[in-house]
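# An overview of the molecular structure
Residue-level listing of the chains:
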Amino acid sequence: MSNTPSAAVLEAAEAEFMYQYEVGTPADASATLHVATARIGGGVVLSMRGDRSGYWSKALGFGFEEPVTDELIGRVLDFYRGEGAGRAVLQIAPSVLPPDWEDIRARHGLRPGGEIVKVCGPVDAFVPGSTELRVGPVGPQDAEEWATVVLSVFGMLDQGLVRMMTATVGHPRFRPFAVWDGDRVVAGANLYLHGDVGALNAGATLPEYRGRGAQSALMAARAEQAATAGCRWLIAEAGRPGEGESNPSLNNMLRAGLRPVYHRRNWIWQQDAPEEA
């Protein structure tokens, strides 16, 4: 894709919104979730021992301020060991993996997981979708309901995580949006503003409301907000479907004009997992 932002920009935007979610967690919820964060080697390292889903313990954004090396991976994993974390996922753009990555990841017991599709498109080329349901920004009065709906769809309905998500309402760089059926929130999503990039994230719709254009309309609302904020690009991530499978979220993104830039492997670390020979 010509003139696409660099992998450094794409990875930094995602790393920052993940970092801001966790560092912005209210103190009591942060203590319950055992949140710990660090910036190491130009990336972010996020630990959340109290998260039963395992999603929020991840490290990403590496390979741009300093190269990915055995020593860097060691520092990242030492952080997780120091926090008593049992598991974490490392996400590294393929363009910055070193030639000896197979040796490095085997030495540290990192096993390959699923792949993420990184997508990107110009804001001014976005193809908007619509729904007959009401779409709009989330205010303080709807914040908890919005957060609860989004997290319930992802199977992460923990009160601490609801507090974390709710805290993004009013954050200077987050722009949360919802879809309502009457007075009920039935879908939601978030936007993170990072320079001239708008990062789409946290899109979720209640099962009984799928197929009615909620996510397409939420992407359109966030694209308009990103353009208003001066962003030139929209980016997002979605799981890469297996052979013969389909990912509806990815399909929505492609219909809206976003295009794949690269596939990024998840590298899974587990405490006490045996290192490969």
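Below, the structure is looked at part by part. (Residues numbered from 1 in each chain as written. Predicted model: local features only at pLDDT ≥ 70, side-chain atom pairs only at ≥ 80, totals over all residues. Heavy atoms only, no water.)

## A word on the overall build of the protein
Of the regular secondary structure elements, the protein holds eight helices and 11 strands. Here the C-alpha radius of gyration of the protein, 18 Å, is about what a compact globule of 277 residues would show, namely 19 Å. Projected onto the principal axes, the alpha-carbon positions of the protein cover approximately 55 × 45 × 35 Å. Buried positions account for 54% of the 277 residues belonging to the protein. Counting contacts in the protein only where the partners sit at least 6 residues apart, residues at least 24 apart contribute 71% of the total. (Helix = DSSP H or I, 4+ residues; strand = E, 2+ residues; numbered from the N terminus. Rg over C-alpha atoms; globule rule 2.2 N^0.38 Å. Buried < 20%, exposed > 50% of the residue type's maximum accessible area, 1.4 Å probe, protein only. Contact = heavy atoms within 4.5 Å.)

## Examining the layout of surface pockets
By volume, the largest pocket is sized at about 1100 Å³. Lining the largest pocket we find 46 residues, and of these Phe154, Ala202, Gly203, Glu237 and Ser249 sit closest to its centre. For the lining of the largest pocket, the secondary-structure elements that each account for two or more residues are helix H1 (7–23), strand E4 (87–91), helix H5 (143–153), strand E9 (197–205), helix H7 (214–228), strand E10 (233–239), helix H8 (248–255) and strand E11 (259–270). The element that contributes the greatest number of residues to the lining of the largest pocket is E9, accounting for six residues. Its residues assigned to classes, the lining of the largest pocket shows 22 nonpolar, 15 polar and nine charged. The volume enclosed by the second largest pocket comes to roughly 200 Å³. (1 Å grid on protein atoms, 1.4 Å probe; cavity = no way out; pocket = protein on both sides within 12 Å on 5 of 7 lines; lining within 4 Å. Points joined across faces, edges and corners; volume = space filled by probe spheres on them. Nonpolar A, V, L, I, M, F, W, Y, C, P; charged D, E, K, R; others polar.)

## Brief notes about the environment of alanine 189
Take alanine 189: it is sitting in strand E8 (residues 184–194). Assessed through its relative accessible area of 0%, alanine 189 is described here as buried. For the pair formed by alanine 189 and glycine 139, sequence separation is 50 residues and the distance between their alpha carbons is 13 Å. Once residues lying within four places of it in the same chain are set aside, the contact partners of alanine 189 are Trp146, Val150, Arg175, Pro176, Phe177, Asn201, Ala202, Gly203, Gln215, Leu218 and Arg222.

## Brief notes about the state of the cysteines
This model, assessed by the stated rule, comprises zero disulfides. Free cysteine cysteine 120: the closest other cysteine sulfur is in cysteine 231, separated by 11 Å. Using a relative accessible area of 7% as the deciding quantity, one classes cysteine 231 as buried. (Disulfide = S-S within 2.5 Å.)

## Focus on the sheet that holds strand E2 (residues 43–48)
Pairing is mixed in the open sheet, where 11 strands are placed in the order E1-E2-E3-E4-E11-E5-E10-E9-E8-E7-E6. Of all the strands in the sheet, the pair left with one neighbour each is strand E1 (35–40) and strand E6 (134–137). Along the sheet, successive strands turn relative to each other by an average axial angle of 25°, direction set aside. Note: strand E5 (residues 111–122) against E10, seven bridges, orientation antiparallel. (Pairing = 2+ DSSP bridges. Axes fitted to C-alpha atoms, helices over the stretch in contact; angles between N-to-C directions.)

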